[in-house]
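Okay, here's what each chain looks like letter by letter:
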Amino acid sequence: MPKLKPEELETRRREIIDAARACFLRAGFHRTTTDEICREANITPGGLYHYFGSKEELIAAVIERSAQNAVDRMRDLIEESMDAESAFRQVSGFFSEAMSDPDMDNSTRLEMEIWVEGMKNERLMEKSQRAWAMRQKWLEALVRRGIEDGIYDPEVVEPRALASLLIAIYLGLRFGRLMGQDFDLQGAIRSMFMMHAGRLQAR
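Residues numbered from 1 in each chain as written. Predicted model: local features only at pLDDT ≥ 70, side-chain atom pairs only at ≥ 80, totals over all residues. Heavy atoms only, no water.

(A) Local environment of the overall build of the protein chain. Along the backbone of the protein chain there are nine helices and zero strands. Taken along the three principal axes of its C-alpha coordinates, the protein chain extends 65 × 40 × 30 Å. Taking all 203 residues of the protein chain together, 40% fall into the buried category. Residue pairs at least 24 apart in sequence account for 67% of intrachain contacts in the protein chain once pairs closer than 6 positions are excluded. For the protein chain, the accessible surface area stands at approximately 12,200 Å², while carbon and sulfur atoms represent 52% of it. (Helix = DSSP H or I, 4+ residues; strand = E, 2+ residues; numbered from the N terminus. Buried < 20%, exposed > 50% of the residue type's maximum accessible area, 1.4 Å probe, protein only. Contact = heavy atoms within 4.5 Å. Areas by Shrake-Rupley, 256 points an atom, 1.4 Å probe, with all protein chains shown as cover.)

Structure (structure tokens):
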């Protein structure tokens, strides 16, 4: 393999991770072969193992990159917002957009497969838990900003508890999509944000 600069190595590594994720989304990680990943990434098997020692290591990298991408996107939204209220509006838009992603169902199935495998593989479970912890820490920071800006009552709202609830709702909505047409996804999203805004109670 030609000698590459560190930034070139990192770029190629990211390309392989993205290629693996595309394969996993199509067929699940159990049914995806390393040959398929190599074809997707346009790399030889020897080149693949130069970057990743095993398929499990590549799965772990996919988990970490997906989480980092989500957190980076949400962090950018916060930095573009002037205050917590506008940040929440930005995140609401991101949330709705993410739930409408045509790859969302495949992504949910892949994460379910990873979680099931994690029951037997401690290393994968640890990676998955750490990835979701990254998302939760970001949400906790957003809730704390909401407290500082006067959106939430500091005597009532616990950042960790509210962030945990938001994560649970997000996961529940994703699983709900897989239930079929009887699950009103858009109605559920609207209701969630109305509940957050205190608009569900009769006046």
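And the narrative resumes.
(B) Layout of the packing of helix H4 (residues 55–80) against helix H5 (residues 84–99). In the contact formed by H4 and H5, the axes pass within 8 Å of each other and the chain directions differ by 150 degrees. Of the two possible hands of crossing, H4 and H5 adopt the one that is right-handed. Touching Arg73, Met74, Leu77, Ile78 and Glu80 of H4 are Ala87, Gln90, Val91, Phe94 and Glu97, all from H5. Of the residues that constitute the contact of H4 with H5, the class distribution is six nonpolar, one polar and three charged. (Axes fitted to C-alpha atoms, helices over the stretch in contact; angles between N-to-C directions. Left-handed = near helix turned anticlockwise from the far one by under 90°. Nonpolar A, V, L, I, M, F, W, Y, C, P; charged D, E, K, R; others polar.)

(C) Fine view of the layout of surface pockets. The space that makes up the second largest pocket amounts to roughly 210 Å³. Together, Trp115, Ser128, Gln129, Trp132, Ala133, Gln136, Lys137, Glu140, Arg160, Ile167 and Leu171 line the second largest pocket. For the lining of the second largest pocket, the elements supplying multiple residues, two or more each, are helix H7 (122–148) and helix H8 (159–177). If one sorts the elements of the lining of the second largest pocket by residue count, H7 sits on top with seven residues. Residue classes in the lining of the second largest pocket are distributed as five nonpolar, three polar and three charged. (1 Å grid on protein atoms, 1.4 Å probe; cavity = no way out; pocket = protein on both sides within 12 Å on 5 of 7 lines; lining within 4 Å. Points joined across faces, edges and corners; volume = space filled by probe spheres on them.)

(D) The arrangement of the packing of aromatic side chains in detail. Using the criterion set out here, one finds four aromatic pairs in the structure. Centroid distance Phe24 to Phe29: 6.4 Å. Interplanar angle 75 degrees. Geometry classified as edge-to-face. For the ring pair Trp115 and Phe175, a centre distance of 5.9 Å and an interplane angle of 85 degrees mean the geometry is edge-to-face. Here Phe175 lies in helix H8 and Trp115 lies in helix H6 (residues 104–118), a separation of 60 residues in the sequence. On the accessibility criterion, Phe175 (31% relative accessible area) is partly exposed. (Phe/Tyr/Trp six-rings, centres within 6.5 Å; stacked < 30°, edge-to-face > 60°.)

(E) Representation of the pattern of salt bridges. Taken as a whole, this structure holds 11 salt bridges when the rule is applied. As a salt-bridge pair, Asp105 and Arg177 come within 2.8 Å of each other at their nearest N and O atoms. With Asp105 in helix H6 and Arg177 in helix H8, the pair connects residues that are 72 residues apart, well separated along the chain. The pair Asp105 / Arg177 is uniform in exposure class, with both members buried. Close ionic contact of Arg144 with Glu140 constitutes a salt bridge, the shortest N to O distance being 3.4 Å. Of this pair, Arg144 and Glu140 are both found in helix H7, four residues apart, which corresponds to roughly one turn of the helix. Taking the relative accessible area as the measure of exposure, Glu140 reaches 5% and is therefore buried. (Salt bridge = Lys/Arg side-chain N within 4 Å of Asp/Glu carboxyl O.)

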